[in-house]
Amino acid sequence: MGFLRRMFCVSHPDNLSKVEYWRKWEFFELIEDLHLAENVLSKYKGGCSGAFLSAEKFHEELIDAIDDIEFGNQSDLTRFWIWFAPTSAWDDFVGEEGLDLGNRIFERVDKWKQANS
């Protein structure tokens, strides 16, 4: 069963439906912002940051990670927390252009991480 299908069929703590639960954690907004980030990152070439030897490699990993959470292969958002943390890979590759978007993604993922730790 796909992630989005499971999302509509299962309840979560506090008697919230799956949809209400994901709305509470701004999952849909996170997915939208991650797709925006993927688009921004696609314009960058070269560089280096931590585990990524180029913006192109980071872009490939970001696409795979978005697909994993969007289509249900993965529900752990830790990669995004690491990649979009201040002064990490996202900032290294896109700098000022992606500052607001990166901060928005990090804040959403950080809330999720804090609540699920």
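Residues numbered from 1 in each chain as written. Predicted model: local features only at pLDDT ≥ 70, side-chain atom pairs only at ≥ 80, totals over all residues. Heavy atoms only, no water.

A.B. asks: I tried to follow the pattern of salt bridges on my own but got confused; where do I start?
C.D. replies: Close approach of charged atoms allows side chains with opposite charge to pair. Considering all chains together, one arrives at three salt bridges under this definition. The salt bridge involving R104 is made with D33; its shortest N-O contact spans 2.9 Å. Remark: D33 occurs in helix α3 (residues 27–41) and R104 occurs in helix α7 (residues 99–115); sequence separation between them is 71 residues. We note a salt bridge from D33 to R108, for which the minimum N-O separation is 2.4 Å. One end of the pair, D33, is in helix α3; the other, R108, is in helix α7, with 75 residues separating them in the sequence. Like D33, the residue R108 is buried in the burial classification. One connected set of salt bridges, linked through shared partners, spans D33, R104 and R108. (Salt bridge = Lys/Arg side-chain N within 4 Å of Asp/Glu carboxyl O. Helix = DSSP H or I, 4+ residues; strand = E, 2+ residues; numbered from the N terminus. Buried < 20%, exposed > 50% of the residue type's maximum accessible area, 1.4 Å probe, protein only.)

A.B. asks: What's the story with the nonpolar core in this structure? I'm lost.
C.D. replies: For soluble globular proteins, nonpolar side chains are generally found buried alongside one another. In this structure, L34, L62, F80, F84 and W90 are the most contacted members of the largest nonpolar core, which totals 28 residues. Looking at this core, the elements with two or more residues in it are α3, α4 (55–70), α5 (78–84), α6 (89–94) and α7. Take this core: its biggest share by element is seven residues, from α3. Excluding residues that lie within four positions of it along the chain, L34 makes contacts with L62, I66, I69, F80, F84 and I105. (Core = buried A, V, L, I, M, F, W, Y, C linked by side-chain atoms within 4.5 Å. Contact = heavy atoms within 4.5 Å.)

A.B. asks: Before we go on, may I ask you to explain α4 in this structure?
C.D. replies: Count 3.6 residues to each turn of an α-helix, and residues three or four apart come out pointing the same way. A rise of 1.5 Å per residue sets the reference length of α4, with its 16 residues, at 22 Å; its end C-alpha atoms lie 22 Å apart and thus fit the reference within 8%. Those residues of α4 lying buried are A55, F58, H59, L62, A65, I66, I69 and E70. The buried residues of α4 occupy an angular sector of 130° when the element is viewed end-on, so they sit on one face. Phi turns positive, to about 90°, at G72, one or two residues after α4. (Expected span 1.5 Å × (residues − 1). Arc of directions from axis to C-beta.)

A.B. asks: How should the environment of N103 be read in this particular structure?
C.D. replies: Mapping N103 onto the fold places it in helix α7. Judged by relative accessible area, which is 28%, N103 ranks as partly exposed. For the pair N103 and A85, spaced 18 residues apart in sequence, the C-alpha separation works out to 7.6 Å.

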